[in-house]
Amino acid sequence: MRDVLDQVYPWYLAGETFALATVVRTFHSAPRQPGAAMAVSAAGTVVGSVSGGCVEGAVYEEAAEVRATGRPVLRSYGVSDDAAFEVGLTCGGTLEVFVEAVSRRTFPELPQVMASLAAAEPVAVATAVSGGGGAAGRRLVVWPDRHCGSLGVPALDAAVAQDARGLLEQGASLLRHYGAAGQRRGEELAVFVGSFAPPPRMLVFGAIDFAAAVTDLGAFLGYRVTVCDARPVFATAGRFPHADEVVVRWPHDYLAEEAAAGRIDDRTVVAVLTHDPKFDVPLLAAALRLPLAYVGALGSRRTHRDRLARLREAGLDERQLARLASPAGLDLGARTPQETAVSIAAEIVAARWGGTGRRLAHTDGPIHHAPAPTQAPAVGGRPARPAPAAVRHG
């Protein structure tokens, strides 16, 4: 939903009332996951998608009516619906879509949400999508340390705020049910919690030509990318236009400082491209002791063997060494820096979602899962032309 909010916020600031349709629950192989959104302006302009095309027409008609009446609705589309073939959902799944009219009056907290997104501050929006007494459409905005708005009952607000913070920690968006007074075993009220966590980080160490290609793909995948190198002549913003920042520091010092400051987590990926033991050994010794999502290092198999020996001398055990992806990447037959970057990016994606790295033609089971909108790649909302990277000397 993040990219949709970026596009509709000017409508909101202009005082317009627009319709917002959000996927709140899916079953089986539905084409999009909870949090996917589509908005329809007063002029009929559409941004976003709830199904990749399967039910957009039906949702568009529903959105136009909701915008006109102001009454929110919760609709189900799928193979269990008699109208499934009419709306074109042929992918064998079911999705529930909440459609509401959004304006300054119905969503006064939106400016605070947008400010948090701009500042990369975690925030969750909990919206009642069904329930008696006009509960549908009420909203609670939740941050790690506060909340505003209300779902109508203080006890309910407290329960939902607590649960939303847990979901925010996971970067998860889902539908939860409560009793009218906030009982977690109740069914009177359905609340959709949409989490907006900051995008995960990609730390690229070594300002070489391969780093530029890895940075470009990292930005494309929705990561907040930092390039770090101790050599100022190479670590320049001009060489890495798609990086969010370029830092001139000794790599292991920078990583230690970021970890101590709490600015990296278990979603962070690290790519070590330096090819120089004086840089990469202390860096990898630090990285492999942290709970990172991925630690990869370029180099030949001979370099890898030498690197392992040095890391053992630095005190790392076999369990820690087993976390190192080296030589980094999947076997794609890559030749160029760009192809090597694709290889590394493919390994990162496979590690993130538990992929095998094998050809899909040789596997069974689901393929190309729809992305969860609260994960970094979908939430990033990256502009087509990124701002120049900031260069920081330390």
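It should be noted that the structure appears before, not after, this text.
Residues numbered from 1 in each chain as written. Predicted model: local features only at pLDDT ≥ 70, side-chain atom pairs only at ≥ 80, totals over all residues. Heavy atoms only, no water.

A. Spatial organisation of the sheet that holds strand β6 (residues 123–130). Within the open sheet, the 5 strands sit side by side as β8-β7-β6-β10-β9. Their pairing is antiparallel. Since the sheet does not close on itself, it has two edges, and those belong to β8 (146–150) and β9 (174–178), each with one partner. Averaged over all adjacent pairs, the angle separating strand axes in this sheet is 20 degrees, with direction ignored. Strand direction decides the pairing type here: β6 and strand β10 (residues 189–196), joined by 7 bridges, are antiparallel. Across the sheet, A124 pairs through a bridge with S195, a residue of β10. (Pairing = 2+ DSSP bridges. Helix = DSSP H or I, 4+ residues; strand = E, 2+ residues; numbered from the N terminus. Axes fitted to C-alpha atoms, helices over the stretch in contact; angles between N-to-C directions.)

B. View of the sheet that holds strand β3 (residues 46–48). Pairing within the open sheet is antiparallel, and its 5 strands lie in the order β3-β2-β1-β5-β4. Edge positions in the sheet fall to β3 and β4 (73–78), since each of these pairs with one other strand and no more. Averaged over all neighbouring strand pairs, the angle between strand axes comes to 20 degrees, with direction disregarded. The pairing of strand β2 (residues 37–40) with β3 spans 3 bridges and is antiparallel. Considered in β3, the bridge of A39 is made with V47.

C. Here's a closer look at the nonpolar core. Ranked by size, the top nonpolar core spans 26 residues in total, and within it M202, V204, V214, L273 and I344 carry the most contacts. Here this core gets 4 residues from one element, more than from any other, and that element is helix α6 (residues 209–220). Among residues more than four places away in sequence, those in contact with V214 are M202, V204, A271, L273, A341 and I344. In this structure, V8, A37, V47 and V102 belong to the second largest nonpolar core, which totals 24 residues. (Core = buried A, V, L, I, M, F, W, Y, C linked by side-chain atoms within 4.5 Å. Buried < 20%, exposed > 50% of the residue type's maximum accessible area, 1.4 Å probe, protein only. Contact = heavy atoms within 4.5 Å.)

D. Here's a closer look at the pairing of strand β13 (residues 245–248). Burial of β13 is two-sided: the residues E245 and V247 facing one way and the residues V246 and V248 facing the other way are all buried. Where strand β12 (residues 224–229) meets β13, 4 bridges bridge the pair, whose relative direction is parallel. Counterpart to V227 in the pairing with β13 is V246.

E. Quick peek at empty space enclosed by the protein. The full count for this structure, using the stated rule, is 2 cavities of 30 Å³ or more. If you add up the space inside the second largest cavity, you get close to 30 Å³. Lining the second largest cavity are M202, V214, L217, G218, L221, A341 and A345. Where the lining of the second largest cavity is concerned, the elements lending two or more residues are α6 and α11 (337–353). With 3 residues, the single largest contributor to the lining of the second largest cavity is α6. Grouping the amino acids of the lining of the second largest cavity by side-chain chemistry returns 6 nonpolar, 1 polar and no charged. (1 Å grid on protein atoms, 1.4 Å probe; cavity = no way out; pocket = protein on both sides within 12 Å on 5 of 7 lines; lining within 4 Å. Points joined across faces, edges and corners; volume = space filled by probe spheres on them. Nonpolar A, V, L, I, M, F, W, Y, C, P; charged D, E, K, R; others polar.)

F. Highlighting the packing of helix α1 (residues 2–13) against helix α4 (residues 110–118). It is the contact of α1 with α4, at a shortest axis distance of 11 Å, that shows an interaxial angle of 135 degrees. As summarised for this structure, α1 and α4 are arranged oblique, according to the angle between their axes. Crossing hand, α1 versus α4: left-handed. Touching R2, L5, D6, Y9 and Y12 of α1 are L110, P111, M114 and L117, all from α4. For the contact of α1 with α4, the residue count by class is 7 nonpolar, no polar and 2 charged. (Parallel < 35°, antiparallel > 145°, perpendicular 65-115°, else oblique. Left-handed = near helix turned anticlockwise from the far one by under 90°.)

G. Spatial organisation of helix α8 (residues 277–287). Among the residues making up α8, those that are buried are F279, D280, V281, L283, L284, A285 and A287. Elements that come into contact with the buried residues of α8 comprise β11 (201–205), α7 (251–260), β14 (269–272), β15 (294–297), α9 (301–313) and β16 (324–325).

H. Region of the structure containing α4. Listed in full, the buried residues belonging to α4 are L110, V113, M114, S116 and L117. Looking straight down α4, one finds its buried side chains confined to an arc of 160 degrees; they lie on one side. Of the surrounding secondary structure, the elements contacted by the buried residues of α4 are α1, β6, β7 (139–143), β8 and β10. Phi turns positive, to about 60 degrees, at A120, one or two residues after α4. (Arc of directions from axis to C-beta.)

I. Representation of the pattern of salt bridges within the structure. Enumeration according to the criterion identifies 18 salt bridges in this entry. One salt bridge in this structure joins R231 and D229, with 2.8 Å as the shortest N-O distance. The class of D229 is buried, set by a relative accessible area of 3%. Between K278 and D276 there is a salt bridge whose closest N-O contact spans 2.6 Å. On the accessibility criterion, K278 (48% relative accessible area) is partly exposed. Overall, D276 belongs to the partly exposed group, its relative accessible area being 22%. Bridged by salt links that share partners, the residues R201, E245, E258 and R263 form one connected network. (Salt bridge = Lys/Arg side-chain N within 4 Å of Asp/Glu carboxyl O.)

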